[in-house]
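Observations on the three-dimensional arrangement
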Amino acid sequence: METIVKGMEGVAQAAEIIKKGGLVAFPTETVYGLGGNALDPEASRKIYAAKGRPSDNPLIVHVSCIDEVKPLVSAFPEDAKLLMENFWPGPLTIIMPKADIVPYETTGGLETVAIRCPENKVTLEFIREAGLPIAGPSANTSGKPSPTEAEHVRHDLDGKIDMILDDGPVGIGVESTIVDLTGEVPTLLRPGAITVEDLSEVLGKKVEIDPAIIAGGVREGIHPKAPGMKYRHYAPNAKMTLVTTALLKEKDYVVTEDERTAADRQVASCIDKLVREDEAAGLRVGIICCSETRDLYNSGAERKADIKVIGHRSEPLSMTHELFRVLREFDEDKIERIYAESYSDRGVGFALMNRMRKAAGMTEILAED
Ligand code: AMP
Ligand code: MG
């Protein structure tokens, strides 16, 4: 049983553990991370072992300020400086060519390193006090939804790590945006709360999107540049299905109010039908909807399905905040099938839908009229 300490009080002890080669889970504004000394191959090996993570899936290195980046990279592109100055501390991870001191165990064998400065006071103090860069993937069992509360970390990693720094529930709830600056053009490898549009605006140029994000992982001829994107991810135990309509897809979710109302009803009635079938077959079912559509899932039937509102679709950040917690609750409640509404890919919606599609193993169906 590891120690769980709330807030700043745990910082000194956490820093000591890192210096001695141990593992500490730490809060960030995105999800909880599982930290070890990024310069110690043995600490990185321990991280992979605790998570059950494939060792070709590199770790993100956390620093407390821009100055700490220099020793970790063999080149420091101007674009990187611009992005750091604009978005750090914050939910942006930048891929750069690695310096020799960063071991291949930390970078999954790659010549590049992923670096981020998280926005959380406790964690920034913890990194400063450790005086070392902290390798930290999400602090969950590999493949499971990322942890957004200390309790999620304890659930997954109890007994496998030395300490959890608890700073309450995180704000954003999905992992950082990852941008690769080692190629010809800046490329988005994972969508997060900082959007491609945000990046393009600061860089004053186009940012490409890695085709693997759209394809949702490995497809013939498409190899994700972020190795982690090829694994089944964020997956609840239940089989999850996204439901949308042909019109919503065709119009990229930009529809009139009447069209919206009709589409919402179509999706709800499609989900209703599927839920009835599953419940008739004795399955436990969960539904994911938003505050705007919640009332559509109330009507009539003595349905038992567990209905979860993940936020307001007009504010994707309210939904990223809840998604992983809701998926974990479905696991706790032994839910076997989940039906979820699909939402727009615009802005932060791209990060939300990326995680939802992965949780659903890319299964999305169209509601019929
Ligand atoms: P996590 O820390 O669990 O959010 O996972 C880290 C993510 O960053 C994974 O998807 C990795 O594949 C990705 N990543 C880390 N380092 C690199 C790198 N050098 N090049 C590309 N992707 C990376
Ligand atoms: Mg992860």
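Whatever comes next refers back to the structure up there.
Now for a look at the structure at hand. What you are looking at is a predicted structure, and each value in this text was computed from that prediction instead of being measured.

**As for empty space enclosed by the protein**
Going through the model one piece at a time under the given rule, you end up with 1 cavity of 30 Å³ or more. Estimates place the volume of the largest cavity at around 60 Å³. Around the largest cavity sit V243, L248, R260, A263, D264, V267, R313, E341, S342 and Y343, which together line it. Here the lining of the largest cavity gets 4 residues from one element, more than from any other, and that element is helix 10 (residues 257–280).

**Looking at the sheet that holds strand 5 (residues 92–97)**
Judged by pairing direction, the sheet is mixed, and its 11 strands sit side by side in the order 1-8-2-3-7-4-6-5-9-10-11 without closing on themselves. For this open sheet the edge positions go to strand 1 (3–6) and strand 11 (208–209), each flanked by a neighbour on one side alone. The pairing of strand 1 with strand 8 (residues 163–166) spans 4 bridges and is classified as parallel. By the bridge assignment, V5 is partnered in strand 8 with L165. Most of the contacts of helix 3 (residues 78–87) go to strand 5, to which it runs at about 160°, and overall it touches strand 5 and strand 9 (177–180).

**Let's talk about the packing of helix 6 (residues 150–157) against helix 11 (residues 316–332)**
Contact pair helix 6 / helix 11: the axes reach a minimum separation of 12 Å and the direction vectors enclose 45°. On the basis of their axis angle, the class for helix 6 and helix 11 is oblique. In the crossing of helix 6 with helix 11, the sense of the turn from one axis to the other is left-handed. Residues H152, H155 and D156 of helix 6 pack against R325, R328 and E332 of helix 11. Here the residues of the contact of helix 6 with helix 11 are counted per class, giving no nonpolar, 2 polar and 4 charged.

**Quick notes on the packing of aromatic side chains**
Summed over all chains, the structure comprises 1 aromatic pair. Between F26 and F126 the ring centres are 6.0 Å apart and the planes differ by 40°, which places this aromatic pair in the tilted class. With a gap of 100 residues between them, F26 in strand 2 (residues 24–26) and F126 in helix 5 (residues 121–130) connect regions that are remote in the sequence. F26 sits in the buried class, given a relative accessible area of 1%. By relative accessible area, which is 0% here, F126 ends up buried. We note K81 situated over the ring of F76; from NZ or CZ to the ring centre the distance is 5.1 Å. Directly above the aromatic system of Y104 lies the positively charged group of K98, at a separation of 4.3 Å from the ring centroid.

Scoring rules and cut-offs
Residues numbered from 1 in each chain as written. Chains lettered and ligands numbered in written order. Predicted model: local features only at pLDDT ≥ 70, side-chain atom pairs only at ≥ 80, totals over all residues. Heavy atoms only, no water. 1 Å grid on protein atoms, 1.4 Å probe; cavity = no way out; pocket = protein on both sides within 12 Å on 5 of 7 lines; lining within 4 Å. Points joined across faces, edges and corners; volume = space filled by probe spheres on them. Helix = DSSP H or I, 4+ residues; strand = E, 2+ residues; numbered from the N terminus. Pairing = 2+ DSSP bridges. Contact = heavy atoms within 4.5 Å. Axes fitted to C-alpha atoms, helices over the stretch in contact; angles between N-to-C directions. Parallel < 35°, antiparallel > 145°, perpendicular 65-115°, else oblique. Left-handed = near helix turned anticlockwise from the far one by under 90°. Nonpolar A, V, L, I, M, F, W, Y, C, P; charged D, E, K, R; others polar. Phe/Tyr/Trp six-rings, centres within 6.5 Å; stacked < 30°, edge-to-face > 60°. Buried < 20%, exposed > 50% of the residue type's maximum accessible area, 1.4 Å probe, protein only. Lys NZ or Arg CZ within 6 Å of the ring centre and 35° of its normal.

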